2 protein chains.
Amino acid sequence: MKFDMIARDPSSRARRGRLQTAHGTIETPVFMPVGTQATVKSVSPDELEDLGARIILGNTYHLYLRPGAERIARLGGLHAFMHWDGSILTDSGGFQVFSLAKINKIEEGGVVFQSHIDGSRHMLDPEGAMRIQGHLGSDIAMCFDECTSYPVTYDYAAGSMQRTVRWAARCKAARTREDQAVFGIVQGSVFSDLRMSCLEQLMDIGFDGYALGSLSVGESKDEMLSVLETLAPALPEGAPRYVMGVGTPEDLVEGVRAGVDMFDCVMPTRNARNGMLFTSSGSIQIKNSRYADDPEPIETGCTCYTCRRFSRAYLRHLFMAREILAYRLNTLHNLHYYLALMAGMRDAIEKGTFEEWRGRFYSLRDGAAEAQGGTGDAGP
Amino acid sequence: MKFDMIARDPSSRARRGRLQTAHGTIETPVFMPVGTQATVKSVSPDELEDLGARIILGNTYHLYLRPGAERIARLGGLHAFMHWDGSILTDSGGFQVFSLAKINKIEEGGVVFQSHIDGSRHMLDPEGAMRIQGHLGSDIAMCFDECTSYPVTYDYAAGSMQRTVRWAARCKAARTREDQAVFGIVQGSVFSDLRMSCLEQLMDIGFDGYALGSLSVGESKDEMLSVLETLAPALPEGAPRYVMGVGTPEDLVEGVRAGVDMFDCVMPTRNARNGMLFTSSGSIQIKNSRYADDPEPIETGCTCYTCRRFSRAYLRHLFMAREILAYRLNTLHNLHYYLALMAGMRDAIEKGTFEEWRGRFYSLRDGAAEAQGGTGDAGP
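None of the values given here were measured: they were computed from a predicted structure.

Chemist: Got a minute to help me understand the packing of helix α6 (residues 126-136) of chain B against helix α7 (residues 154-174) of chain B in this structure?
Modeler: A packed helix pair is summarised by two numbers, namely the angle formed by the two axes and the spacing between the axes. Residues and elements named next belong to chain B. Axis separation between α6 and α7 bottoms out at 8 Å; the angle between their running directions is 40°. Accordingly, the angle class assigned to the pair α6 and α7 is oblique. In the packing of α6 onto α7, the handedness of the crossing is right-handed. Where α6 abuts α7, its residues Pro-126, Glu-127, Ala-129 and Met-130 lie against Trp-167, Arg-170, Cys-171 and Ala-174. The class makeup of the residues in the contact of α6 with α7 is six nonpolar, no polar and two charged.

Chemist: How should I be thinking about the packing of helix α8 (residues 192-205) of chain B against helix α9 (residues 221-231) of chain B in this particular structure?
Modeler: Residues and elements named next belong to chain B. Between α8 and α9, the least distance of the axes is 10 Å, while the angle of their chain directions is 40°. It follows that α8 is oblique to α9 by the angle criterion. The handedness of the crossing between α8 and α9 comes out as right-handed. For the pair α8 and α9, contact is made by Ser-192, Arg-195 and Leu-199 and by Val-227, Thr-230 and Leu-231, respectively. Looking at the contact of α8 with α9 residue by residue, the classes come out as three nonpolar, two polar and one charged.

Chemist: Sorry if this is basic, but what is going on with the relation of the copies chain B and chain A here?
Modeler: The relation between the two copies of this chain is a rotation about an axis and a shift parallel to it. For the pair chain B and chain A, the relating rotation is 180°, the translation along its axis is 0.0 Å, and the fit reaches an RMSD of 0.0 Å. Such a combination of turn and shift is consistent with a two-fold rotation axis. By C-alpha distance to the rotation axis, the residue of chain B lying nearest is Ile-324 of chain B, at 3.6 Å. Both copies share a contact surface, since 100% of the interface residues of chain B are interface residues in chain A too.

Chemist: I tried to follow the pairing of strand β6 (residues 55-58) of chain A on my own but got confused; where do I start?
Modeler: Along any regular strand, the residues point their side chains to alternate faces of the sheet. Residues and elements named next belong to chain A. Residues of β6 alternate between two faces, with Ile-55 and Leu-57 on one and Ile-56 and Gly-58 on the opposite face, all of them buried. Inspection of the sheet shows strand β5 (residues 34-35) paired to β6 by two bridges, in the parallel sense. Paired with Val-34 across the bridge in β6 is Leu-57. Traced from β5 through helix α1 (residues 45-51) to β6, the parallel crossover comes out right-handed. In this sheet, strand β7 (residues 87-90) lies alongside β6 in parallel orientation, the contact comprising four bridges.

Chemist: Is there a simple way to explain the sheet that holds β5 of chain A in this structure?
Modeler: For sheets, the rule is that strands pair by backbone hydrogen bonds, running either parallel or antiparallel. Residue and element names in this part refer to chain A. With respect to topology, nine strands assemble into an open sheet ordered β4-β15-β14-β13-β12-β11-β7-β6-β5, the strand pairing being parallel. Two strands lie at the open edges of the sheet, namely β4 (30-32) and β5, each paired on one side alone. As judged from the three bridges shared by β4 and strand β15 (residues 262-264), these two strands associate in the parallel manner. Along β15, the bridge assignment pairs Val-30 with Met-262.

Chemist: What's the story with helix α7 (residues 154-173) of chain A in this structure? I'm lost.
Modeler: The α-helix advances 3.6 residues per turn, and as a result positions three or four apart in sequence lie on the same side. Residues and elements named next belong to chain A. The end-to-end C-alpha distance of α7, which contains 20 residues, comes to 29 Å, matching closely the 28 Å that a straight helix rising 1.5 Å per residue would cover. Taken as a whole, α7 has its buried residues at Ala-157, Ser-160, Met-161, Thr-164, Val-165, Trp-167, Ala-168 and Cys-171. The inward-facing, buried residues of α7 contact α6 (126-136), β12 (181-186) and α8 (192-205).

Chemist: Hey, could you run me through the interface of chain B and chain A in this one?
Modeler: Interfaces are often described in size by the accessible area the parts lose on coming together. Listed as interface residues are 30 residues of chain B and, on the opposing side, 30 residues of chain A. Every element with two or more residues in the side of chain B that touches chain A is listed here: α3 (69-74), α4 (78-82), α13 (312-320) and α14 (324-351) of chain B. The element that contributes the greatest number of residues to the side of chain B that touches chain A is α13 of chain B, accounting for five residues. Across the side of chain B that touches chain A, the residue classes break down as 16 nonpolar, seven polar and seven charged.

Chemist: Sorry, what's going on with the domain arrangement of chain A here?
Modeler: Residues and elements named next belong to chain A. For chain A, the domain assignment lists domain 1 (2-261) and domain 2 (272-371). Placing a centre on the C-alpha atoms of domain 1 and another on those of domain 2 gives a separation of 27 Å. Each partner contributes to the interface: domain 1 provides 26 residues, whereas domain 2 provides 22 residues. Within the residue set of the side of domain 1 that touches domain 2, elements represented by two or more residues are β1 (2-8), β2 (15-21), β4, α1 and α10 (249-257). Counting residues per element, the side of domain 1 that touches domain 2 draws most heavily on α10, at five residues.

Conventions adopted
Residues numbered from 1 in each chain as written. Chains lettered and ligands numbered in written order. Predicted model: local features only at pLDDT ≥ 70, side-chain atom pairs only at ≥ 80, totals over all residues. Axes fitted to C-alpha atoms, helices over the stretch in contact; angles between N-to-C directions. Helix = DSSP H or I, 4+ residues; strand = E, 2+ residues; numbered from the N terminus. Parallel < 35°, antiparallel > 145°, perpendicular 65-115°, else oblique. Left-handed = near helix turned anticlockwise from the far one by under 90°. Contact = placed C-beta atoms within 7 Å. Nonpolar A, V, L, I, M, F, W, Y, C, P; charged D, E, K, R; others polar. Least-squares fit on C-alpha atoms with pLDDT ≥ 70 in both. Buried ≥ 20, exposed ≤ 12 C-beta atoms within 10 Å, placed from the backbone. Pairing = 2+ DSSP bridges. Right-handed = clockwise from strand over helix to strand, strands pointing away. Expected span 1.5 Å × (residues − 1). Domains from an automatic or database assignment.

Below, the structure written as structure tokens:
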């Protein structure tokens, strides 16, 4: 893996990079659509490519349980299995074990849990997480970590963070492939000293990139931004920085501003399936009866497949009738919105106009909120 | 509407025609994918076009209830609403009223029923069915008819058929648009004399095409074929012949052989969503565990999008994980199978080799059944 810096914004920490993986080049800052079960829900690999996605996320926990990582390896690895030629980052399974499965035991060795699918008993540990990710053949593997929930006591966060560091060292030692980068994950909840200590220890071990975990798990926006702003100056300049599971469009803008290079989140895809669609002037609920006769696209001027062809009235009809096509068309639009947002930021950083761009982003949205009598809750 | 005969098979009644509608040319015999709620479930209009579909079916009953035919008219008609530039045939709503709704009353005037969506009370009559289809703006409208179930007494079938004929005359009189062809529907259950009498009366009224209704509703294959074979020689040569709601691949082959030009059926799309996939050597259930490690496509040599990209193992995984993409990929394959089957028959009729083609169709399937220790239940 190779990471080059292309440009820096003169008036913020925003940076514009280029990441080379075994499966191609990724322009950063980048948003990675989430492909939990070897598919970004409702869209095809060709559609992802048309959207401009060059890297997606796969979930180790889900794929380990179904269809099984060794099976995927026998079928040529995750890229071949799902027919996706772009890059893939796999998480370590840690987050899902702690959020979806029933935990039986957390020990120094690893975690014993029960599958959310059939209740079967499994053990996941640093070596196992690396072996599974090796089977999947992702371009970037994540260290196995404990994701702390929010709120958590300082003492628990400290103990958990230290174990995550020890697990990270075991992950690096257990690396199975030359063509797979490994990222460390900074834990420590909202406690800045714990986060800093974790980062320093991970840097001593040495990773290809550094991620911030357990953000957007219930803490306030201020707490999240505070972690971001404290950590950002300390993160190594030459390695990609990834904030996991984040977030809203505003989170992406603020994250980029703080110097983050990579993001993933289920928000654009999950919200699409719930009928919530993103536009530059805020989000809309397509099921709202006001759209029943609306011949306009979701957003005028949007160049996504959905907006080029279909009206809000049609999308509302599909959604109300629970038609399968609704989920796809909504997902295509929301992913386009997220990916275009990132492209806009990359462009602005290159031009040195990121702060101007950011001002427009908020004024478009707040202006629309005011025009609609909204509260304008979105200002930075 | 214009219907030209291109070729006739020398040794059967199979015929090769060309139908011109307000939205283009349709090569017959043709299979029409079913687009119940202004979408062929799970696929986009572009995918339908790529599949080679040139005409699809829309459901008057469903669209009348949701989102409403007048709303669709305000939004530019069904073609614009769903962004489909090919031809559309709409059924009259009769079949769905009798199969999905709760019937309150069948009278000479029309049918009073309750919506399957919300129980609301509605009336559908010949004039209403034509007005709705006029709002939808389909290229071919169907007469409002009573679909008899199976079995039904001779007396009931006779009375119902006579009412269907009177309704057909009212439909013709209530026609609302010049650019919309109107087809009559031959009823009479499995009673040949009733079917013949119905056809003669409909021909006296005069329609652009003639359909056979209430087939594949529970009667035996022999009864269905007997109706087909009795009616076929009596159907007017110069008008398209449409067998509604039929059927299996074998039904299509036998229907074409009897001189039928048009078919529609939910089978390829519905079965796809249930994981049943068609191949030239019979159908497969993709959820079967034997496919868990199978790197082959559904059918080797199949040129559909799904088979060009994905393995049975991947499709099984998507289906077991209930991923939305499963329904689309399965549907694309099954529709491709149906449309390629029709294209194969059209080609064979042009070459005068339909019977030979039909022999191969059955031997491929029965050979495979025998090779698998099957019972070879498919021979004609």
